Amino acid sequence: MTGANDIPYLLRAAKGEVLARPPVWMMRQAGRYMKVYRDLRDKYPSFRERSENPDLSIEISLQPWRAFRPDGVIMFSDILTPLPGMGINFDIIESRGPIIDPPIRTMEQVKQLRLLNPEESLPFVKTVLQSLRQEVGNQAAVLGFVGAPWTLAAYAVEGKSSKDYAVIKRMAFCEPETLHALLSLLADSIAEYVRYQIDSGAQLVQMFDSWAGHLSPIDYDTFALPYQQRVFQQVKQTHPDTPLVLYISGSAGVLERMGQSGCDFVSVDWTVDMADARHRLGHEIGVQGNVDPGVLFGSKEIIRDRILDTVRKAGNRKHILNLGHGILPGTPEENAAFFFETAKQLDQLMATA
């Protein structure tokens, strides 16, 4: 018989249990704000080496686990990691971000791409996830993540990060057949990748549609939502019990639409009040978030008060405490530690506040 202690606390929340406190982890919790990570980055300056060398990825993934004991340990990787397996190569330059050269701009290029076979092209991902499961046991949930079709298409078509997404929007409005063909292939490949992560040990998978917040609602319904649904539907056919989370930066205008994606949890950014998010999404969909990462530059009193405000508004069921975006470089490590310490003491704090 399986007892509550045999199930990671975060998964108990994902299954809808009423808990004394929400589980907690941070987006980008392994990264540039930690000195131990910066020291390792200086020794191994290539991001792809750090994320695709399993020994390095495992070490980086475990750095915040050793320091803070979060309820979720997310593998250190990148949303672009599966692209080379489809025929889209990329590099990540520290000062410039991702570079894809040549970018994908024509139907002929799309036709030359291939469906991802993660077992063949991403064996290191299995090594990382299996090792993390072995390392943390039932003390934390092991988390995987992927990029969403629209966001990966935006990188592939733009060739880099963008402020206005003019190139992919031109494709959307002038050559929609090309874009839909790319999005379809990406969706099917990402579904395969999510399944592979789950089979390799991921107990929850988060999809980042980071740039879908730059779409108008009508274009979100055309170019983002159907492909999110396509991924989640395929995954649920084979792995119906694995919680799936959807995150979009700047999602206030499409929050209800996120709830239509088929995800189990919506990760809410800090521009939405958590009480409003609960009301707009309904209580059957879980929520994650949504403390402003800038708060971690503030005093301990501010950090504690914002955590309490978020948790009160989210309620005691189907809430995973997190930031509303990734933790920022330069965040004091002692403030990150205080965030986790406060989260772990919330049952006492809520009783006395």
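Presented here is a report on the structure given in the accompanying data block. (Residues numbered from 1 in each chain as written. Predicted model: local features only at pLDDT ≥ 70, side-chain atom pairs only at ≥ 80, totals over all residues. Heavy atoms only, no water.)

Within the secondary structure layout, glutamine 109 lies in helix H5 (residues 107-112). A distance of 3.1 Å separates a polar atom in the side chain of glutamine 109 from the backbone nitrogen of threonine 106. (Helix = DSSP H or I, 4+ residues; strand = E, 2+ residues; numbered from the N terminus. Polar contact = N/O pair within 3.5 Å; in protein donor to acceptor, adjacent residues only side chain to side chain.)

By size, the foremost hydrophobic cluster in this structure holds 124 residues, and its most contacted members are Leu179, Val194, Tyr220, Leu321 and Phe339. When residues in this core are grouped by element, the largest group, twelve residues, is from helix H10 (residues 176-200). In contact with tyrosine 220, other than residues within four places in its own chain, are Ala212, Leu215, Leu225, Pro226, Gln228, Leu246, Ile248, Val254, Arg257 and Met258. (Core = buried A, V, L, I, M, F, W, Y, C linked by side-chain atoms within 4.5 Å. Buried < 20%, exposed > 50% of the residue type's maximum accessible area, 1.4 Å probe, protein only. Contact = heavy atoms within 4.5 Å.)

Turning our attention to the sheet that holds strand E8 (residues 286-291). One open sheet holds the seven strands; their spatial order is E1-E4-E5-E6-E7-E8-E9, and the pairing between them is parallel. Every other strand in the sheet has two partners, leaving strand E1 (72-74) and strand E9 (319-323) as the edge strands with one partner each. Sheet twist, expressed as the mean angle between neighbouring strand axes with direction ignored, is 25°. Pairing between E1 and strand E4 (residues 141-147): three bridges, direction parallel. (Pairing = 2+ DSSP bridges. Axes fitted to C-alpha atoms, helices over the stretch in contact; angles between N-to-C directions.)

Another point: helix H9 (residues 166-174). Here H9 has its buried residues at Ile168, Met171 and Ala172. For H9, the arc enclosing every buried residue in end-on projection is 100°, short of the 170-degree limit, so these residues lie on one face. Every exposed residue of H9 that faces more than 90 degrees away from the buried side is listed here: Phe173 and Cys174. Of the surrounding elements, those touching the buried residues of H9 are helix H8 (149-158), H10 and helix H11 (217-238). (Arc of directions from axis to C-beta.)

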